[in-house]
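# Architecture and fold: a report
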Amino acid sequence: MANEWTHGICGCTRDVPWCLITCCFPFVTSFKVGMRLGLRSFAIMYLIFYFLHWILRITGFAFNTLFWETSISEPDYDDDDGYNKVVTMYKYLLYNCAAEFLAALISLACVGILCKMRVAMRSQYNITGDKCEDCVMALCCGTCVLCQMHNHLNAQDHTVILTSDNSAVISRTGALKVCPNE
């Protein structure tokens, strides 16, 4: 029997603190979800790619700031009708485009990792859906996907089942306990 997600893709506000953590620091939630799913290598790769992405963004910003400050403050010592300024502008554009291209590739790698984690979670918990849906969800709203997976794992850890003799079976991190019927 196929299951459904315990919370929808927009149900991330059920756990507001984790929703805020995921929005500000998605690598924390992805690492936690990846480790709980047994996908340690994917959790670590997401962490590394996320930091590489921000390193490229920060260095690109710093390079832009330095370039514009030096190009405005330096006097123009061109000897060939602005040739040096044009060469400097091309170097700037080349670096900026390369940094943005690499940041975009790393972002796509993070989306691929999220897609893989969602596919693995669907197969482990027998949740309906397909790979295409997982990839579209990871691409369009990655933080919502992370919150959904985190909320689903938390709900699975706190499952309460009534047995035939009406005693409660509480599942917390895989440990089943039978409470005696009083």
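You'll find the structure just up there.
If you're wondering where the values come from, they're calculated on a predicted model, not measured in any experiment. (Residues numbered from 1 in each chain as written. Predicted model: local features only at pLDDT ≥ 70, side-chain atom pairs only at ≥ 80, totals over all residues. Heavy atoms only, no water.)

### Looking at the nonpolar core
The condition that has to hold: The definition of a nonpolar core used throughout is a set of buried Ala, Val, Leu, Ile, Met, Phe, Trp, Tyr and Cys residues joined through side-chain atoms within 4.5 Å. Three labels apply to residues, based on accessible area from a 1.4 Å probe with only protein chains included: buried if under 20% of the type maximum, exposed if over 50%, partly exposed otherwise in between. Helix numbering and strand numbering both begin at the N terminus, where a helix is a DSSP run of H or I of at least 4 residues and a strand a DSSP run of E of at least 2. In what follows, residue pairs with any heavy atoms lying within 4.5 Å of each other are defined as contacts.
Within the largest apolar cluster, 27 residues are counted, with the highest numbers of intra-cluster contacts made by V33, L37, Y46, L114, M117, M121 and M149. Contributions of two or more residues to this core are made by α2 (26-37), α3 (40-73), α4 (83-125) and α6 (142-157). The greatest single-element share of this core, amounting to 9 residues, is contributed by α4. Other than its neighbours up to four places away in sequence, V33 contacts M117, L146, M149, H150 and L153.

### Let's talk about the state of the cysteines
So the rule is basically this: Put simply, a disulfide is two cysteine sulfurs that come within 2.5 Å.
Taken as a whole and assessed by the stated rule, the structure comprises 1 disulfide. Paired through a disulfide, C115 and C135 show a sulfur-sulfur distance of 2.3 Å. The chirality of the disulfide connecting C115 with C135 is left-handed, given an S-S dihedral of about -70 degrees. A residue pair is termed long-range when its members are at least 10 positions apart, and C115 in helix α4 and C135 in helix α5 (residues 131-140) qualify at 20 residues. Of the residues examined, C115 reaches a relative accessible area of 7% and is grouped as buried.

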